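# Structural description and commentary
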Amino acid sequence: GGAIGRCLRAGLQTSGRGQRQRRWSSSPADFAASWIVPKMSPGILQLSAGLAVMQTLDSIELHGSLEIDHWMKWPNDIWRGTGKLAGILAEGRSDAGDERFVLGIGINLAAADIKSPHAYLEHSPEDLCLRLDAALSGLLESRHGVPLMSDERIVGMAWEMMSRRFR
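Below is a short write-up of the structure. (Residues numbered from 1 in each chain as written. Predicted model: local features only at pLDDT ≥ 70, side-chain atom pairs only at ≥ 80, totals over all residues. Heavy atoms only, no water.)

### Observations regarding the packing of aromatic side chains
- Across all of its chains, the model carries two aromatic pairs by this definition.
- Between Phe31 and Trp35 the ring centres are 6.5 Å apart and the planes differ by 40°, which places this aromatic pair in the tilted class. Residue Phe31 shares its accessibility class with Trp35, and that shared class is buried. (Phe/Tyr/Trp six-rings, centres within 6.5 Å; stacked < 30°, edge-to-face > 60°. Buried < 20%, exposed > 50% of the residue type's maximum accessible area, 1.4 Å probe, protein only.)

### Thoughts on the side chain of His70
- Mapped onto the fold, His70 is located in strand β5 (residues 70-73).
- On the accessibility criterion, His70 (1% relative accessible area) is buried.
- At 2.7 Å, the side chain of His70 and the side chain of Asp58 are in polar contact.
- The residues touching His70, leaving out its near neighbours within four places in the chain, are Met54, Leu57, Asp58, Glu61, Ile78, Trp79, Arg80 and Arg164. (Helix = DSSP H or I, 4+ residues; strand = E, 2+ residues; numbered from the N terminus. Polar contact = N/O pair within 3.5 Å; in protein donor to acceptor, adjacent residues only side chain to side chain. Contact = heavy atoms within 4.5 Å.)

### A word on the nonpolar core
- Counting residues in hydrophobic clusters, the biggest one holds 40 residues, and the most contacted among them are Phe31, Val53, Met72, Leu103, Ile105 and Ile107.
- Here this core gets ten residues from one element, more than from any other, and that element is helix α1 (residues 42-63). (Core = buried A, V, L, I, M, F, W, Y, C linked by side-chain atoms within 4.5 Å.)

### Brief notes about the environment of Leu130
- Position of Leu130 among the secondary structure elements: in helix α2 (residues 125-140).
- The class of Leu130 is exposed, set by a relative accessible area of 64%.
- Along the chain, Leu130 and Thr56 lie 74 residues apart, while their C-alpha atoms are 9.3 Å from each other.

As structure tokens, then:
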């Protein structure tokens, strides 16, 4: 429950899921959070979330003098170098006529001992949450004097972020 914009962060997620019901779990040091967001196209919502993660990583890497080496992989992953860094899942739920959308974002903040391609970012989960919340607000919220970003603009920006892989 809660209002649009509410964020819930998990200290540890053991029964998360990704696309096609794949299992996802985090370590205590990783970032896992969900936001209640405005009703919109799930595809645009997922792309918006990817852009928010990319903008957040850009801001961290620019201030930390790190090389920007992250890119979006269609439809819901963020990769850094050759390993998966983050995953995004957008879902809609109806309850007694009240339709809500939930956006889940998981980011690896600790090295893991797993066999699949994996990347991580050493960063504070608290700061990461603040930066992500601001980036999501800028993409998804409409305020007086600040127009909502068009779907076409979001798609164009997402394609640009996906093309980083080929630069």
